[in-house]
Amino acid sequence: EIVTVLSFYLLFVKYGFVPPLVINAIFFSFLIILIFVDLFDRVLPNSVTFLGIIAGWLFSPLQSSIFLNEICMNLSFFNWTHYIWSSLGILISGGFLWAVATLHLKFKKGEGLGVGDIKMMSMVGAFLGWQYAFLTIFLASLLGVFIGVLFIATYHKGKAYELPFGSFLGVGAMITTLIGPKLFS
């Protein structure tokens, strides 16, 4: 509950009372659920990821133009072209992780990413677009390496220990939503 309140407050500070506040509060709600479910149960439920993909796409015209096509900023708060950018976000970000998972399976002969991670990134792409989805993957990977090495060293786990990557993706998506545009500039 504290994480939810704090994240909503940070969104309010960033956006004020405008449609992107509501859209990103919905997005953060999905992310918080996925972060904790993956952390404790090592699963990213379809009911959350699929609903998140649908919500991200449906509400994309109300999302900030910072995330979905910076070129198409206008005075209207409802931007129809965001459907295109959201659709590209779903396909490219989910497709990229699917390609990584497929290559890992082929060359390492084992699963490196779960299908839930792929669907979760499609959800992130629906809300943030493909460019910011890639920033999310980068930040999640950095967090995963840092925390994973620390955890494995502290608790003497082997290198085959499976980290809940969806939790790192969720934190990465929250960071991207809050400061991603600053990181790009």
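One structure accompanies this document, and this report is about it. (Residues numbered from 1 in each chain as written. Predicted model: local features only at pLDDT ≥ 70, side-chain atom pairs only at ≥ 80, totals over all residues. Heavy atoms only, no water.)

A short note on the overall build of the chain
Counting its secondary structure elements, the chain contains 6 helices and 0 strands. In the chain, the succession of α and β elements from N to C terminus is α-α-α-α-α-α. Taken against the 2.2 N^0.38 rule, which gives 16 Å for 185 residues, the C-alpha radius of gyration of the chain at 16 Å falls within 12% of a compact globule. Taken along its principal axes, the extent of the C-alpha atoms in the chain is 55 × 35 × 35 Å. For the chain, the proportion of its 185 residues judged to be buried stands at 43%. Sequence separation of at least 24 residues holds for 72% of the intrachain contacts in the chain that already meet a minimum separation of 6. Carbon and sulfur atoms make up 75% of the accessible area of the chain, which totals about 10,300 Å². Considering the chain, the positive charge centre built from 9 side chains and the negative charge centre built from 7 side chains are found 10 Å apart. (Helix = DSSP H or I, 4+ residues; strand = E, 2+ residues; numbered from the N terminus. Rg over C-alpha atoms; globule rule 2.2 N^0.38 Å. Buried < 20%, exposed > 50% of the residue type's maximum accessible area, 1.4 Å probe, protein only. Contact = heavy atoms within 4.5 Å. Areas by Shrake-Rupley, 256 points an atom, 1.4 Å probe, with all protein chains shown as cover. Lys, Arg positive; Asp, Glu negative; His and termini not counted. Charge placed at Lys NZ, Arg CZ, Asp CG, Glu CD.)

Section: the side chain of Thr 177
Position of Thr 177 among the secondary structure elements: in helix α6 (residues 165-184). Of the residues examined, Thr 177 reaches a relative accessible area of 0% and is grouped as buried.

Remarks on the packing of helix α1 (residues 2-15) against helix α2 (residues 19-41)
Where α1 meets α2, the axes come as close as 10 Å, and the angle between the chain directions of the two elements is 150°. If you check the angle between α1 and α2, you find them roughly antiparallel. With respect to the hand of their crossing, α1 and α2 are arranged in right-handed fashion. Together, Val 3, Thr 4, Ser 7, Phe 8, Leu 11, Phe 12 and Tyr 15 of α1 and Pro 20, Leu 21, Asn 24, Ala 25, Phe 28, Ser 29, Ile 32 and Phe 36 of α2 make up the contact between the two elements. Its residues placed into classes, the contact of α1 with α2 shows 11 nonpolar, 4 polar and no charged. (Axes fitted to C-alpha atoms, helices over the stretch in contact; angles between N-to-C directions. Parallel < 35°, antiparallel > 145°, perpendicular 65-115°, else oblique. Left-handed = near helix turned anticlockwise from the far one by under 90°. Nonpolar A, V, L, I, M, F, W, Y, C, P; charged D, E, K, R; others polar.)

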